[in-house]
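# Survey of secondary and tertiary structure
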Amino acid sequence: MATSNLNCRGCGADLSTVLADLGPAPLANAFIDDVDAVETFYPLRAYVCARCFLVQLPEIASPSALFNDSYAYFSSVSAGFVEHARRFAGNAARAFELGPESRVLEVGANDGYLLQHFQALGMQVLGVDPSANVAAVAANRGIMMTTAFFGSKLAESLPKADLIVANNVLAHVPDLHDFIEGLAIALADGGHISLEFPHALQMLFETQFDTIYHEHYSYMSLIALLPLLKYHGLEAVDVETLPTHGGSLRVTVRHDYDCGDDNSAAVETAIAGELAFGLNKLETYYAFAGRVTRAKVAALEFLGRHVGKVGGYGAPAKANTFLNYCGIKPDLLPWTVDGTPFKQGKFTPGSRIPIYNEKYAALEQPEYLMILAWNWRNEIAARARSLGFKGQFVVALPHCVVL
Ligand code: JHZ
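The residue count restarts for each chain, going from 1 along the sequence in the order it is written. Reporting of local features is limited, given that this is a predicted model, to residues whose pLDDT is at least 70; pairs of side-chain atoms are given and counted only at 80 or more, and all residues count toward the totals for whole chains, interfaces and linings. To obtain the side-chain values, all non-hydrogen atoms of the structure were included, while hydrogens and water were left out.

A word on the overall build of the chain. Strands here mean DSSP runs of E at least two residues long; helices mean DSSP runs of H or I at least four residues long; both are numbered from the N terminus. Looking only at helices and strands, one finds 14 helices and 19 strands in the chain. Between the two quantities, the radius of gyration covers C-alpha atoms and the globule rule is 2.2 Å times the number of residues to the power 0.38. In summary, the chain has a C-alpha radius of gyration of 21 Å against a globular reference of 22 Å for 403 residues, a match within 12%. When its C-alpha atoms are laid out on the principal axes, the chain stretches across 60 × 50 × 40 Å. Summary of the burial criterion: residues with accessible area below 20% of their type's maximum are buried, those above 50% are exposed, and those between are partly exposed, where the area comes from a 1.4 Å probe applied to protein chains only. Buried positions account for 58% of the 403 residues belonging to the chain. Contacts were defined at the residue level, with two residues in contact if any of their heavy atoms lie within 4.5 Å. For the chain, the share of sequence-separated contacts (at least 6 apart) that also reach a separation of at least 24 residues comes to 68%. The method behind every accessible area is Shrake-Rupley, applied with a 1.4 Å probe, and residues are considered shielded solely by the protein chains displayed. In the structure as shown, the chain presents an accessible area of about 16,300 Å², 53% of it carried by carbon and sulfur atoms. One finds the centroid of the 29 positive side-chain charges in the chain at a distance of 7 Å from the centroid of its 41 negative side-chain charges. When charges are counted, neither His nor the chain ends are considered; positive counts come from Lys and Arg and negative counts from Asp and Glu. Lys charges are placed at NZ, Arg charges at CZ, Asp charges at CG and Glu charges at CD.

Moving on to the side chain of Glu215. Along the chain, Glu215 falls in the loop between helix 7 (200–205) and strand 11 (218–219). The side chain of Glu215 sits in the buried core without any salt bridge; Lys343 is the nearest counter-charge, 9.1 Å away. Counted as a polar contact is a pair of N or O atoms within 3.5 Å, where, for protein atoms, one must be capable of donating a hydrogen and the other of accepting one, and residues adjacent in sequence contribute only when both atoms are in side chains. Polar side-chain contacts of Glu215 include one of 2.7 Å to the side chain of Tyr71. Apart from residues no more than four positions distant in its own chain, Glu215 is found in contact with Asn29, Leu66, Phe67, Tyr71, Ala171 and His172. When a carboxyl oxygen of Asp or Glu lies within 4 Å of a side-chain nitrogen of Lys or Arg, that pair is called a salt bridge.

Pairing of aromatic side chains here covers Phe, Tyr and the six-membered ring of Trp, requires ring centres within 6.5 Å, and sorts the geometry by plane angle: under 30 degrees stacked, over 60 edge-to-face, intermediate tilted. Applying the stated criterion to the full structure yields 15 aromatic pairs. Consider the rings of Phe81 and Tyr113, whose centres lie 5.2 Å apart with planes at 10 degrees: the pair is stacked. With Phe81 in helix 2 (residues 79–95) and Tyr113 in the loop between strand 6 (103–107) and helix 3 (115–120), this pair connects stretches of sequence that are 32 residues apart. Exposure class is identical for Phe81 and Tyr113. Each is buried. Above the ring of Tyr325, the side-chain terminus of Lys296 is found at 4.5 Å from the ring centroid. Here, a charge over a ring means that NZ of Lys or CZ of Arg falls within 6 Å of the ring centre while also lying within 35 degrees of the ring normal. Above the plane of the ring of Trp374 lies Lys318, whose end atom (NZ or CZ) is 5.5 Å from the centre.

Moving on, we get to the sheet that holds strand 9 (residues 161–167). Picture the strands of a sheet paired through backbone hydrogen bonds; they go either parallel or antiparallel. Here, a strand pair is defined by DSSP locating no fewer than two bridges between the strands. Read from one edge of the open sheet, seven strands run 8-7-6-9-10-13-12, paired in mixed fashion. The sheet terminates laterally at strand 8 (145–147) and strand 12 (234–242), the two strands that pair on one side only. For this sheet, the mean inter-axis angle between neighbouring strands, taken without regard to orientation, is 15 degrees. Inspection of the sheet shows strand 9 paired to strand 10 (residues 187–198) by six bridges, in the parallel sense. In the strand pairing of strand 10, Ile164 is matched with Ile193. To obtain an axis, a line is fitted to C-alpha atoms, over the contacting stretch when the element is a helix, and the angle between two such axes runs from 0 to 180 degrees between their N-to-C directions. Against the sheet, helix 8 (residues 222–231) engages strand 10, strand 12 and strand 13 (248–255), with an angle of about 155 degrees to strand 12.

Space left empty within the atom packing is revealed by a probe, the size of a water molecule, rolled over the atoms. Using a grid of 1 Å spacing that covers the protein atoms alone, one calls a set of points a cavity when a 1.4 Å probe fits there but cannot get out, and a pocket when the set is open and has protein on both sides within 12 Å along at least five of seven lines; lining residues are those with an atom within 4 Å of a point. Grid points are joined across faces, edges and corners, and a volume is the space filled by probe spheres set on the points. There is about 310 Å³ of room inside the second largest pocket. Every residue lining the second largest pocket is counted, 19 residues in all, and those nearest its centre are Pro243, Thr244, Asn375, Trp376 and Glu379. Elements represented by at least two residues in the lining of the second largest pocket include exactly helix 2 and helix 14 (377–386). With four residues, helix 2 is the single largest residue contributor to the lining of the second largest pocket.

This part covers the site of the ligand. Put simply, a residue is near a molecule or strand once any heavy atom of it comes within 4 Å of that molecule or strand. Around the ligand, a shell composed of 25 residues is seen, among which Glu215, Lys318, Asp338, Gly339 and Lys343 lie nearest. A distance of 2.8 Å separates an oxygen atom of the ligand from a polar atom in the backbone of Ala317. In the environment of the ligand, an oxygen atom lies 2.5 Å from a nitrogen or oxygen atom belonging to the side chain of Lys318. When the ligand sits alone it has 740 Å² of accessible area, and the protein chains cover 95% of it. The residue classification treats Ala, Val, Leu, Ile, Met, Phe, Trp, Tyr, Cys and Pro as nonpolar and Asp, Glu, Lys and Arg as charged. All others, Gly included, are polar. Its residues assigned to classes, the shell around the ligand comprises 11 nonpolar, eight polar and six charged.

Before going further, it helps to spend a moment on the pairing of strand 18 (residues 392–395). Judged from the three bridges that link them, strand 17 (residues 368–371) and strand 18 form a sheet pairing that is parallel. For Tyr368, the partnering residue across the bridge sits in strand 18 and is Gln392. Handedness rule for crossovers: strands pointing away from the viewer, path from the first strand over the helix to the second running clockwise, crossover right-handed. In terms of handedness, the path from strand 17 via helix 14 over to strand 18 forms a crossover that is right-handed. In terms of strand pairing, strand 18 meets strand 19 (residues 401–402) through two bridges, oriented antiparallel. Opposite Val395, over in strand 19, you have Val401 as the bridge partner.

The following block contains the structure:
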C-alpha cells in the first residue's frame, strides 16, 4: 500500500489507498492549437478513502487552471443531453410545483443547455459558471449568468432559490464542504436541490477509468455523499438512476427539517444496491486497477491489428485519459472528429491526434470508427450514418467490441 500525506476531502481521514495510477497526463480539456506545443503533465492517481469510500484525486490542478475562458466542453453539442435537460425541466416544474414566481439556480450552468428550458417555462433563472466562454453562450441565449466559482461566499450574495440544479458539478469541486454549505445557504425554505453525477458504482462496474481526469476531483457514491449532506443540514429524499454519462444518479435533496435518520424507500434501496455491490469494502476497489490494465491491452491489440483502418469519433475529455494512459498516438489513431467547433482544428492533449469536423469520417471512410465518447454510442452511430459513414463502429470500454 502506498503512503501519502493526503486527507480525504469528505471525511478528513488519511488517504493512502490507490485505486488506479493513470499518470502522468495533461489536463483533459486542454486541447492544443499547435502540434508542437509544450504541455504540462500532472500525476493522475486516484485514491479511495478507507473510511467513507469517497473516490478522489488530490487537488493537483487548481480549479482556475481547469475552468476559465477557454473551457472546451459545451453541453449543447450533445443533442441528447439537451433533450434530457428539457424533460427534466418539465418534470421538475410539475413535481416541485414551480410557477412563474419561482427561482431556479443552476450551478455549472455551462452554455445554458438546461436553464433555457426553465426560462421557456417562465421561471426566473440564474446560472453560475466559472468558465467565461461557455457562460457567454448562455448569456447570449438571454440567460442571466454569474461567471464565478460557486461556494458559501457566493451563495450568501444570491437570492434564495426554490430549485437548485447542480448536474455533473460535484465532481469538479475541490472543496466539497464549502460547495455543499453554499447549496444549503442558497436554498429557499421548502425548496429542493437536484444533483446529478456519474455513479462511482458504474465507473467501477464498467471499468470507466477514462472518466478519471484532473477536472474530476471526486467520484461520487450515495454512501459517500449522504454524510456530507447531513453535515450541512441537508437530506436526500429521492434517488433515481439515469443512463447519462455511463450511468448516473439523480439525488433530490432538501433542508433536513427533522434531523432524523429515517430515509425514504428510494434512498434505502439505492444504499442497499451500493452495499450489495461492495462499495463499502476496499476489496471491491482493489480489483479495478487490473481491469484497467486489461482494457488498455485489449484496445491496443485491436488498434495494432487494424493499423490504418480506424478513425475516432468524439474528442470528449475522457478520451484524453484513455489515449494518454494507453499511449495511443496518430500512428494507431490518425484522427478523430467532433461536432464542437471549439475543438475542431485542434489536437488532443498529450496524444496530439488531430480533431476534424464530423463530416471528415464519411470522406475518409475507414473500416472502423472508434467511438471515444462511448456514452453517446447510439447517438454518434446514428449521426455518423446520417453523414454517410458506411463502416463499422467499435468501443474500447468496458470491453473492446465491434458494435
Ligand atoms: P461527453 C464532460 O465529459 C465534461 P466528456 C465534464 N467534465 C463532465 O463532468 C462530464 O461530461 C460528465 C461530441 N459529440 O459528453 C461532443 C459529437 O461530436 O462524453 C463532445 O465533445 N457528436 C463537464 O467531455 C463529446 O462528443 C455527437 O453526436 O467526456 C462528448 O463528450 C455527440 C452526441 C457528441 O463528455
